[in-house]
Amino acid sequence: MNKFICCIIKLIVDLQPLKVGLKNKIVDTLSYKTLSANKETAKKKWWIVDAEGEILGRMASKVAKVLRGKYKTNFTPHADCGDYVIVINAGKIVMTGNKMEKREIFSHTGFPGGQKRITPTEMLAKDETSVVKHAIKGMLPKNKLGRAILKNCHIYAGTEHGQEAQKPQQLNLNDLK
């Protein structure tokens with residue numbers, strides 16, 4: 001009889017729920033939900049970045065992260081959950097060393113012998129926004145999502161831009177990692 005009572009007491013002790021935490025609270029794992037943002041639920045903000053005197057690659061990588069939404073807590077890799085970015089003074093970017101003259105940006109027309117090489121200085125002479133756009137585009141995914149995200153980036157050569165109605169906030173790139 002004693003053995004029988006000991007077995008029942010042991011069963012009751014084993015069946016008690018596990019207590020975890022500082023105050024012996026029971027953790028209910030079913031109450032936690034993984035948030036997955038999509039195009040409709042993403043809360044997008046408008047940011048403005050002044051590119052004057054900024055180093056091209058460092059600025060472009062931070063802008064690409066903001067466009068992608070990597071600084072948000074609900075980042076979802078397969079959805080466009082990033083913010084809108086306005087880049088002003090794109091013609092006043094800087095490259096370290098003598099990359100403005102020595103670096104060659106390569107493109108191909110798709111036809112035999114259709115290779116084209118152009119320096120950043122020549123690109124800036126043609127279109128002041130093209131160098132920044134090329135740098136940001138290279139840091140986004142190479143698929144439909146990357147092309148859609150690039151449409152959220154508005155690049156202007158001067159200080160004037162057409163998105164005053166959206167009330168963009170100044171984004172300090174030095175605050176971002």
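This text goes with the structure placed above it.
Everything in this summary refers to the structure shown in the same document. Since the model is a prediction, treat every value here as computed from it, not as a measurement.

Conventions we followed
Residues numbered from 1 in each chain as written. Predicted model: local features only at pLDDT ≥ 70, side-chain atom pairs only at ≥ 80, totals over all residues. Heavy atoms only, no water. Salt bridge = Lys/Arg side-chain N within 4 Å of Asp/Glu carboxyl O. Helix = DSSP H or I, 4+ residues; strand = E, 2+ residues; numbered from the N terminus. Buried < 20%, exposed > 50% of the residue type's maximum accessible area, 1.4 Å probe, protein only. Pairing = 2+ DSSP bridges. Right-handed = clockwise from strand over helix to strand, strands pointing away. Contact = heavy atoms within 4.5 Å.

**A look at the pattern of salt bridges**
Summed over all chains, the structure comprises 3 salt bridges. The shortest N-O distance in the salt bridge between Lys-44 and Asp-80 comes to 3.2 Å. Of this pair, Lys-44 sits in the loop between α1 (2-15) and β1 (46-50) while Asp-80 sits in the loop between α2 (56-68) and β2 (84-88); the two residues are 36 residues apart in sequence, bridging distant segments of the chain. For Asp-80, a relative accessible area of 11% translates into the label buried. Salt-bridge contacts for Lys-72 lead to Asp-83; the nearest nitrogen and oxygen are separated by 2.9 Å. One end of the pair, Lys-72, is in the loop between α2 and β2; the other, Asp-83, is in the loop between α2 and β2, with 11 residues separating them in the sequence. Across the pair, Asp-83 and Lys-72 agree in class, each one buried.

**A look at the pairing of β1**
Among the 5 residues that make up β1, 4 are buried, leaving the element largely enclosed by the rest of the structure. Note that β1 and β2 share 5 bridges and pair parallel. Bridge pairing links Trp-47 to Val-85 in β2. In this view, the connection linking β1 to its parallel neighbour β2 by way of α2 has right-handed handedness. Pairing analysis gives 2 bridges linking β1 to strand β6 (residues 169-170), with the strands arranged parallel. When the sheet's bridge partners are listed, Trp-47 is paired in β6 with Gln-169.

**Digging into the sheet that holds β6**
In space, the 4 strands of this open sheet follow the order β5-β2-β1-β6, with parallel pairing throughout. Sheet topology places β5 (153-155) and β6 at the edges, where each strand pairs with a single neighbour.

**A word on the environment of Pro-77**
Residue position: Pro-77 is located in the loop between α2 and β2. Judged by relative accessible area, which is 48%, Pro-77 ranks as partly exposed. Spatially, the C-alpha atoms of Pro-77 and Ala-37 are 9.3 Å apart, while their sequence positions differ by 40 residues. Pro-77 has contacts with Arg-68 and Leu-145, leaving out every residue within four places of it along the chain.

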